[in-house]
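Chain by chain, the residues run as shown.
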Amino acid sequence: MFKVAVVEDEDIYIKEIQEYFMQFEGETGNKFCITVYHDGDGLLNSYQGQFDIIFMDIQMKFVNGMSAAEQIRELDSEVIIIFITNMAQYAVKGYEVDAMDYILKPVTYFTFSQKLQKALNKIKKQPEIFITIPIKGGISKIGISSLLYVESHGHILNYYTQEGMISSRARLADVEEVLGRYGFFRINKGCIVNMKYVDTVLDGNCYMEGAALPVARNKKKAFMDKLTEYIGEAMK
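For the structure given in this document, a descriptive report is provided here. (Residues numbered from 1 in each chain as written. Predicted model: local features only at pLDDT ≥ 70, side-chain atom pairs only at ≥ 80, totals over all residues. Heavy atoms only, no water.)

### Side note on the pairing of strand β8 (residues 147-153)
With five of its seven residues buried, β8 lies for the most part within the structure. Looking at chain direction, β8 and strand β9 (residues 156-161) are connected through six bridges and run antiparallel. Counterpart to H153 in the pairing with β9 is I156. As paired strands, β8 and strand β12 (residues 191-194) are joined by three bridges and run antiparallel to one another. For V150, the partnering residue across the bridge sits in β12 and is I192. (Buried < 20%, exposed > 50% of the residue type's maximum accessible area, 1.4 Å probe, protein only. Helix = DSSP H or I, 4+ residues; strand = E, 2+ residues; numbered from the N terminus. Pairing = 2+ DSSP bridges.)

### Some words on a nonpolar patch on the surface
On the surface, I129, V178 and Y182 cluster together into a nonpolar patch covering about 210 Å² of accessible area. Its relative accessible area of 32% is what places Y182 among the partly exposed residues. (Patch = residues over 30% accessible without salt bridge, like charges linked within 9 Å, V, L, I, M, F, W, Y side chains within 5 Å. Areas by Shrake-Rupley, 256 points an atom, 1.4 Å probe, with all protein chains shown as cover. Salt bridge = Lys/Arg side-chain N within 4 Å of Asp/Glu carboxyl O.)

### As for the sheet that holds strand β14 (residues 205-208)
One open sheet holds the three strands; their spatial order is β13-β14-β15, and the pairing between them is antiparallel. Edge strands, defined here as strands with exactly one partner in the open sheet, are β13 (200-202) and β15 (211-214). Adjacent strand axes in the sheet meet at a mean angle of 25 degrees when their direction is disregarded. (Axes fitted to C-alpha atoms, helices over the stretch in contact; angles between N-to-C directions.)

### A word on the packing of aromatic side chains
Using the criterion set out here, one finds 13 aromatic pairs in the structure. When the ring of Y109 is compared with that of F112, the centres are 6.5 Å apart and the planes differ by 35 degrees; the resulting orientation is tilted. Of this pair, Y109 and F112 both sit in helix α5 (residues 109-124), separated by three residues, roughly a single helical turn. The residue whose ring lies beneath K105 is Y13, and the NZ or CZ to ring-centre distance is 4.2 Å. Positioned above the aromatic ring of F130, the side-chain terminus of K141 is 4.5 Å from the ring centre. (Phe/Tyr/Trp six-rings, centres within 6.5 Å; stacked < 30°, edge-to-face > 60°. Lys NZ or Arg CZ within 6 Å of the ring centre and 35° of its normal.)

### Thoughts on the side chain of D39
Here D39 is to be found in the loop between β2 (32-37) and α2 (40-46). Of note is the side chain of D39, whose polar atom sits 2.8 Å from the backbone nitrogen of D41. (Polar contact = N/O pair within 3.5 Å; in protein donor to acceptor, adjacent residues only side chain to side chain.)

### A closer look at the environment of I144
Positionally, I144 belongs in the loop between β7 (138-143) and β8. Each C-alpha atom, one on I144 and one on E128, is 7.3 Å from the other, the two residues being 16 residues apart in sequence. Look past the residues within four positions of I144 in its chain and what remains in contact with it is E128, I129, I131, L179, Y182, F184 and N194. (Contact = heavy atoms within 4.5 Å.)

As structure tokens, then:
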């Protein structure tokens, strides 16, 4: 699932872009988690390097898209930025903040889908890291980027990925040793989480992708320190 921010102050365009994403999902099978902001200021106040793609209007009240993009680039050099604008001369400046492309209003589905596919192709070219786990009758290869968390139930480990769950017989300590190199943390005796997908830590629980996972008291400080460090690195 790709995480996308749509930054636009006109509701008519927000609705149109959301409909285009739904159409694109139906045609390609790609899935998107979309967060809408009505101003660049709203995006900046909550930005933690959590998005893969940002679709951003240039002309907005308060903080415009170009100013927001400049500040985001100071935090995140990897996120893909696509500007939406009424006038092409404004979009040309986007290359100063390493924007991938721009779309002129009114936005057509054909143009939108072409730009979105270009962005996805760029993301998918990034090298993936896989782990191989034994399963009944063979082995399974899991991409680190799609692995949410691993839970232990006795000698059985359940690997929860964006595509579903896979069970395997193994020791959690052995898996922890491998995953610890890639931004994972053991939050309690029987669970390792991918810090990339942590949405909130509240009331003793770690929330991610709809799951509430308990954080052991003796792990909380170390987990929060590691999570803060991870977010800081992701934003460089």
